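Inside the fold
The residues making up each chain are set out below.
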Amino acid sequence: MFEVVAVHIASSINIRQCKSQLPLKILFSDSDELYLKNGEKKFVYIFQYGLVSFFNHSEDEKAKILDALSAITKEKNSPQFTETIQVEIIEGHQKVAFDKVILPSFDAEFIRLVMLNTSQSVALDQYSEISQQLLEETNEHTQYLEKKGKLNISGIKLRKFIGKVLNIKNQISENLYIFDEPDSTWENEQLNRLNLELKQTFDLKIRYRNIHEQLGIVKENLELFKDIWDHRESSRLEWVIIILILVEVLDLFVFRLWR
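Quick caveat, the model's predicted, so the values are computed rather than measured. (Residues numbered from 1 in each chain as written. Predicted model: local features only at pLDDT ≥ 70, side-chain atom pairs only at ≥ 80, totals over all residues. Heavy atoms only, no water.)

**Quick notes on the overall build of the protein**
Heads up, the condition is: The helix count covers DSSP runs of H or I at least four residues long, the strand count covers runs of E at least two residues long, and both are numbered beginning at the N terminus. Only protein chains enter the accessibility calculation, which uses a 1.4 Å probe. A residue is then buried if its area is under 20% of the maximum for its type, exposed if over 50%, and partly exposed in between. Calculation of accessible area relied on Shrake-Rupley with a 1.4 Å probe; when residues are assessed, cover is drawn exclusively from the protein chains displayed.
Assigned secondary structure in the protein consists of six helices and eight strands. Listed N to C, the secondary structure of the protein is β-α-β-β-β-β-α-β-β-β-α-α-α-α in terms of helices and strands. Every one of the 259 residues in the protein was classed for burial, and the buried ones make up 38%. Looking at the protein as shown, the accessible area adds up to about 15400 Å², and 51% of this sits on carbon and sulfur atoms.

What follows is the structure in structure tokens.
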């Protein structure tokens, strides 16, 4: 019985620096991912969006690698989001259960798929919490608008809030490829079936859609807030113009009286 443990350790990880910081055998590498072999039957999978997944590592071994990565990320916070799943190798059998995966052979690509989906699940936990916080903050403003008939957020803060939501949406789209199939699954039916079963077990697609729906609600509310602010600023500008015209008229009237 083996174990996959995925942990979120930073907002981002520089993959290029990881290659020099961790002198391990590279099985796969691109700008977003780094899949490494760390000795006999041990794998490490690092993702640019701040996730690290371990296969068959002791606590000391994981701590050693995380310490090495902390020099790259510069973030000293303890991992807040983690997920663990058991992996068993039984020749000729393949099954995905709630807390365990049975693989038909000890194959690096099969194990990689388990580590990938476990890591994506942890990433979704992180983004789910962020989107929930944004939704709660938005609800505070809508409740104030309902009670007072006006907004309790400044124009600058509103624009920053909108930027934050858009950045989160972009990060999710760039970092998570829940609806894409890894290249390794295209020509291997067993790998493809394993990938689909893992996605279903982790509810990746449903959780992904829920996050997008929450962020969509937040974005819709913020667009309404922006319209309210634009209308208020437009009204204020109109009043300024009216006052300036009145001042000009009064000045002209007074000038004529004194003549």
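**Considerations on the pattern of salt bridges**
Put simply, the rule is: A pairing counts as a salt bridge when a side-chain nitrogen of Lys or Arg comes within 4 Å of a carboxyl oxygen of Asp or Glu.
As enumerated under the stated definition, the model contains eight salt bridges in all. Note that Lys100 and Glu88 form a salt bridge whose closest N and O atoms lie 3.1 Å from each other. With Lys100 in strand 8 (residues 100-103) and Glu88 in strand 6 (residues 82-89), this residue pair connects regions lying 12 residues apart in the sequence. Lys100 sits in the partly exposed class, given a relative accessible area of 27%.

**Some remarks on the sheet that holds strand 6**
For clarity, the cut-off: Note: two strands are recorded as paired if DSSP finds a minimum of 2 bridges between them.
Pairing in this open sheet of eight strands is mixed, and the strands run 2-3-4-5-1-6-8-7 from one edge to the other. Strand pairing shows two members of the sheet lacking a second neighbour, strand 2 (25-29) and strand 7 (95-96), which therefore form its edges. With six bridges connecting them, strand 1 (residues 2-8) and strand 6 associate as antiparallel partners. Its bridge partner lying in strand 6, Phe2 is registered against Val87.

**A closer look at the packing of helix 3 (residues 108-148) against helix 5 (residues 189-201)**
Cut-off, in case you're wondering: Angular values range over 0 to 180 degrees, each being the angle between N-to-C directions of two axes fitted as lines to C-alpha atoms, with helices fitted over their stretch in contact. Oblique is the label for any angle not under 35 degrees, not over 145, and not in the 65 to 115 range, which are roughly parallel, roughly antiparallel and roughly perpendicular in turn. Take the far helix as your reference; a near helix turned counterclockwise from it by less than a right angle gives a left-handed crossing, and one turned clockwise gives a right-handed crossing. We call two residues in contact when some of their heavy atoms are within 4.5 Å. Each residue gets one label: Ala, Val, Leu, Ile, Met, Phe, Trp, Tyr, Cys and Pro are nonpolar, Asp, Glu, Lys and Arg are charged, and the others, such as Gly, are polar.
Direction vectors running N to C along helix 3 and helix 5 enclose 20°, while the axes themselves pass 10 Å from each other. By the angle class used here, helix 3 and helix 5 are roughly parallel. With respect to the hand of their crossing, helix 3 and helix 5 are arranged in right-handed fashion. Each of Glu109, Phe110, Leu113, Val114 and Asn117 in helix 3 lies in contact with helix 5, whose residues at this interface are Gln190, Leu191, Leu194, Asn195, Leu198 and Lys199. Here the contact of helix 3 with helix 5 is built from residues that sort into six nonpolar, three polar and two charged.

**Remarks on unusual backbone geometry**
The phi dihedral of Lys41 is positive, around 55°, even though this residue is not glycine. On the secondary structure map, Lys41 appears in the loop between strand 3 (33-37) and strand 4 (43-47). Exposure remark for Lys41: the relative accessible area of 36% places this residue in the partly exposed category. Positive phi outside glycine occurs at Asn56, with the angle close to 60°. Within the secondary structure layout, Asn56 lies in the loop between strand 5 (51-55) and helix 2 (59-73). The partly exposed category is assigned to Asn56, whose relative accessible area is 22%.

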